[in-house]
Amino acid sequence: MTKPADPGSVARRYLEAIGAQDWETVAECWQSGALDVFVGVADLRAPDEIVAFFRDVHAALPDLTLEIVSVTAQDERAVVHWRMRGRFDGTAPLIGLAPNGRQLDLLGTDVFVVRDGLIVSNTAIVNGLDLARQLAVLPPQHSIAERVLFGLANSIAPLGKAIRSRTRSGK
């Protein structure tokens, strides 16, 4: 098969390969040594660290599906909006958390730079607050538990602000 050269097709091929667990194609899509930044999660070097990361994601979510919602491309860039779903009941941790059986349904966006048919950089963005809620690290939105948690954070905020103010002023 001829490798696509336009950024949108390369990005689509890469994400479809992740969904299909086609690790050879995942690796082929990248320029060796390129950086894949998962904002707030990890900075990974292509191709080995990226393949290892997604193998672990599939091990954590064995029924993982990845749906491409849209692809927009211009010049060297492709922006892909995607949805990832799966039950967190596998054999591997996800971002350091043990599988807990929770169903995940995440929307995300990747911003790829593609040159000569290879990804040279990517910035992947997922709503971390939503992910934490779905993994049961944070309570559900608008719940009593969330109000209590936010209340506690707000009650100590003035103390933290005062301490930082004193530290900055050298007192």
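As the structure is a computational prediction, the values presented were derived from the model and not from experiment. Within each chain, residue numbers correspond to sequence positions counted from 1 in written order. In keeping with the model being predicted, local features are shown solely for residues with a pLDDT of at least 70 and side-chain atom pairs are shown and tallied solely at 80 or more, while totals for entire chains, interfaces and linings include all residues. As a convention, hydrogens and water are excluded, and side-chain values are obtained from all of the structure's heavy atoms.

Novice: Report on the side chain of T25, specifying residues and quantitative values.
Specialist: The helix and strand labels rest on DSSP assignments: H or I over at least four residues marks a helix, E over at least two residues marks a strand, and numbering proceeds from the N terminus. Mapped onto the secondary structure, T25 falls in helix α2 (residues 23-28). Within the structure, T25 has its side chain in polar contact with the side chain of D22 (distance 2.6 Å). Setting aside its immediate chain neighbours within four residues, T25 contacts R13 and A17. Two N or O atoms form a polar contact when they lie within 3.5 Å of each other; inside protein one atom must be a possible hydrogen donor and the other a possible acceptor, and for residues adjacent in sequence the pair counts only when both atoms belong to side chains. By definition, residues are in contact when any of their heavy atoms lie within 4.5 Å.

Novice: Quick one: what's the story with helix α5 (residues 144-169), residue by residue and with numbers?
Specialist: Across its 26 residues, α5 extends 38 Å between first and last C-alpha, which sits within 8% of the 38 Å expected from 1.5 Å per residue. The bend reported for a residue corresponds to the angle between axes fitted to the seven residues ending at that residue and the seven starting there. Along its length, α5 reaches its greatest deviation from straightness, about 35°, at A157, and the proline P158 lies no more than four positions downstream. Looking one or two places after α5, you find G170, whose phi comes out positive at around 80°. Helices are assigned an expected span. That span is 1.5 Å times one less than the residue count.

Novice: Describe the UniProt feature "domain: SnoaL-like" (unreviewed entry) in the chain, listing the residues and the values that go with them.
Specialist: Mapped onto the present numbering, the UniProt feature "domain: SnoaL-like" (unreviewed entry) falls on residues 11-121. Measuring from the first to the last C-alpha atom of residues 11-121 gives 11 Å, for a span that is 26% helix and 46% strand. UniProt positions are given in the numbering used here, feature names are shortened, and annotations may be inferred rather than shown by experiment.

Novice: Residue-level account of a nonpolar patch on the surface, with values.
Specialist: Residues I144, V148 and L152 make up a contiguous nonpolar surface patch of roughly 310 Å² in combined accessible area. The residue V148 is located in helix α5 in this model. Relative accessibility thresholds used throughout: buried, under 20% of the residue-type maximum; exposed, over 50%; partly exposed, between the two (1.4 Å probe, protein chains only). By relative accessible area, V148 is classed as partly exposed at 47%. For patch building, the residue pool is restricted to those with more than 30% relative accessible area and no salt bridge; the joining distance is 9 Å between like charges and 5 Å between nonpolar side chains (Val, Leu, Ile, Met, Phe, Trp, Tyr). Every accessible area reported is derived by Shrake-Rupley at a probe size of 1.4 Å, with residue values counting cover from the shown protein chains alone. A pairing counts as a salt bridge when a side-chain nitrogen of Lys or Arg comes within 4 Å of a carboxyl oxygen of Asp or Glu.

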